[in-house]
Amino acid sequence: MRVKILGSAAGGGFPQWNCACPNCRALRTGTFHGKARTQTQAAITQDDQNWFLLGASPDLRAQIEATPELHPRAPSRGEAPRHSPITGAVLTNADVDHVLGLLLLRELQPLRIHATASIHHILRDDNTMFGMLERVANQASWADFTPGAWFPLLGPAGEDSALRCRALSLGTHFPAYVFAERQSQLNPQESSLGLLIDSPSGKRLAFMPAVPAIDDALLAELDSSDLLFFDGTFWSNDELIRTQGSGSTARQMGHVPVSSPEGSLQKLAGLRRPRKIYLHLNNTNPMLDEAGPEYRQVREAGWEVAEDGWQFDL
Ligand SMILES: [Zn+2]
């Protein structure tokens, strides 16, 4: 399995369009010791021909152009010039930052969308704009999955990629745009997921961009993986409140912070197996500054901080 990180920032990206926090300001003035990042997007393939997106970032169009493997192939004689190596997507929640990219794939291209029944319902039944993905036969087709059960990643016509996926239910909150009556009808266990993806080689990827809490059961799942992309959204629990003067804590937003005794750096220190990479970094996170003590601390603890364009083979 080949794994690519197309985007590594949290919602809003880095820099964020309406943000003048110290990180965003320094990046814009060219004095920042670190890199700009697009909103989180991973892509995986088993055969180098057919790619599956993990989530669907609002930055997907630029991410595709920056990734030659995802460009359409040149048509052979008599063939129409429309093609995409992207054959499917797996959704981990219904947040705007994680699903908006689907609408960018609407140009009548076949696509298999793997999602929980609740996320499928929110997008397809309640948001008519997603009907643009199903204007003609053989365009988008949805495949519902259940958290906890292994399922195959399939192409639009049911082609088996040989990749196997199991979703872990991590959060219980649907996005704020889902109206209250609908929220009460949906299964909260289907709202926010982490993914385990097994390659035929026997290697496992864990994709966990939004983790609200860490318990022993989750630690055991993470230690079964070979490559771990973990929630690096916020360095500290009150980061947004300190930066903005108001707002929510990291935990209220469904993200365990990196630092503090109850943070992920400490809680995941005992993991032995996986290569550990922080992904989904908010633009306020001091870890983005490669000259700063926070970056040094996570690197010395054996972690890496994801950058757009990174690639791995499992
Ligand atoms: Zn900022």
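Remember, predicted model here, so these are calculated numbers, not experimental data.

### Let's talk about the packing of aromatic side chains
Link 1 in the chain: All chains considered together, the criterion is met by 6 aromatic pairs.
Link 2 in the chain: Members of the aromatic cluster, joined through ring pairs, are F229, W310 and F312.

### Remarks on the nonpolar core
Link 1 in the chain: Core analysis: the biggest nonpolar cluster contains 55 residues, and I44, L102, L123, L205 and F229 have the highest contact counts within it.
Link 2 in the chain: Looking at this core, the element that brings in the most residues is strand β3 (residues 51–54), giving 4 residues.
Link 3 in the chain: In contact with L205, not counting residues within four places along its chain, are M1, V3, I44, L54, L195, L196, I197, L227, F229 and L314.
Link 4 in the chain: Formed by 34 residues, the second largest nonpolar core is a distinct cluster that contains A26, M208, V211 and V305.

### Concerning the sheet that holds strand β12 (residues 275–279)
Link 1 in the chain: Spatial ordering of the open sheet is given by β7-β8-β9-β10-β11-β12-β13, a layout of 7 strands whose pairing is mixed. What marks the edges here is a single partner per strand, and that holds for β7 (150–154) and β13 (304–305).
Link 2 in the chain: Taken together, the 4 bridges between strand β9 (residues 192–198) and strand β10 (residues 204–208) define a ladder with antiparallel strand orientation. The partner of D198 across the bridge, within β10, is R204.

### Section: the sheet that holds β3
The strands making up a sheet are joined through hydrogen bonds of the backbone, oriented either antiparallel or parallel.
Link 1 in the chain: With mixed pairing, 7 strands are arranged side by side in an open sheet as β6-β5-β4-β3-β2-β1-β14. Across the chains shown, the open sheet's two edge strands, defined by having one partner strand only, are β6 (140–144) and β14 (311–313). With direction set aside, neighbouring strand axes in the sheet form an average angle of 20°.
Link 2 in the chain: Across 5 bridges, strand β5 (residues 111–115) lies against β6 in parallel orientation. Looking at the pairing, R112 lines up with S141 of β6.

### Digging into the pairing of strand β8 (residues 160–171)
Link 1 in the chain: Bridge count between β7 and β8: 4 bridges; the pairing is antiparallel. What sits directly across from F151, in β8, is C165.
Link 2 in the chain: Two successive antiparallel strands, β7 and β8, enclose a turn made up of 5 residues, where G158 displays a positive phi of approximately 90°.
Link 3 in the chain: In this structure, β8 lies alongside β9, joined through 7 bridges in antiparallel fashion. Its bridge partner being in β9, R164 is matched across the sheet by D198.

### Things to note about the coordination of the zinc ion
Link 1 in the chain: Distances from the zinc ion to its protein donors, namely C19 (SG), C21 (SG), C24 (SG) and N283 (OD1), fall within the range 2.2 to 2.3 Å.
Link 2 in the chain: Between the 4 donor atoms coordinating the zinc ion, the angles at the centre fall across 99 to 119°, so the site counts as tetrahedral.
Link 3 in the chain: In terms of primary sequence, the donors binding the zinc ion are separated according to C-x1-C-x2-C-x258-N. With a gap of 264 residues between them, C19 in the loop between β1 (2–7) and α1 (22–29) and N283 in the loop between β12 and α9 (293–300) connect regions that are remote in the sequence.
Link 4 in the chain: Classification of C19 as buried rests on a relative accessible area of 16%.
Link 5 in the chain: Its relative accessible area of 2% is what places N283 among the buried residues.

### Digging into helix α3 (residues 96–103)
Structural remark: α-helix, 3.6 residues per turn; residues separated by three or four positions point the same way.
Link 1 in the chain: H98, V99, G101, L102 and L103 are the residues of α3 that are buried.
Link 2 in the chain: Of the surrounding secondary structure, the elements contacted by the buried residues of α3 are α2 (60–65), β4 (86–90), β5 and α4 (117–125).

### Structural notes on the side chain of S225
Link 1 in the chain: Structurally, the position occupied by S225 is in the loop between α6 (216–222) and β11 (227–231).
Link 2 in the chain: Leave out the neighbours within four places in its chain, and S225 touches R204, A206, R273 and P274.

### Quick look at the pairing of β12
Link 1 in the chain: In terms of burial, β12 is a largely internal element, 4 of the 5 residues being buried.
Link 2 in the chain: When β11 meets β12, the two strands line up parallel, connected through 5 bridges. Across the sheet, the residue bridging to D231 is L279, located in β12.
Link 3 in the chain: In terms of strand pairing, β12 meets β13 through 2 bridges, oriented parallel.

### Here's the deal with the side chain of E190
Link 1 in the chain: With respect to the helices, strands and loops of the structure, E190 is situated in the loop between α5 (180–185) and β9.
Link 2 in the chain: Here E190 is buried and forms no salt bridge, its nearest opposite-charge partner R182 lying at an N-O distance of 11 Å.
Link 3 in the chain: If sequence neighbours within four positions are ignored, E190 has contacts with T116, A117, S118, I119, P147 and F174.

### Points about the environment of A94
Link 1 in the chain: The topology assignment puts A94 in the loop between β4 and α3.
Link 2 in the chain: Residues A94 and I122 lie 28 residues apart in sequence; the distance between their C-alpha atoms is 7.5 Å.
Link 3 in the chain: If we skip the residues at most four places from it in the chain, A94 touches V99, I119, I122, L123, P175, Y177 and S191.

Scoring rules and cut-offs
Residues numbered from 1 in each chain as written. Predicted model: local features only at pLDDT ≥ 70, side-chain atom pairs only at ≥ 80, totals over all residues. Heavy atoms only, no water. Phe/Tyr/Trp six-rings, centres within 6.5 Å; stacked < 30°, edge-to-face > 60°. Core = buried A, V, L, I, M, F, W, Y, C linked by side-chain atoms within 4.5 Å. Buried < 20%, exposed > 50% of the residue type's maximum accessible area, 1.4 Å probe, protein only. Helix = DSSP H or I, 4+ residues; strand = E, 2+ residues; numbered from the N terminus. Contact = heavy atoms within 4.5 Å. Pairing = 2+ DSSP bridges. Axes fitted to C-alpha atoms, helices over the stretch in contact; angles between N-to-C directions. Donors = N, O, S within 2.8 Å, 3.2 Å for Na, K, Ca; no water. Tetrahedral: all angles 85-135°; square planar, octahedral: opposite > 155°, others 65-115°. Lys, Arg positive; Asp, Glu negative; His and termini not counted. Salt bridge = Lys/Arg side-chain N within 4 Å of Asp/Glu carboxyl O.

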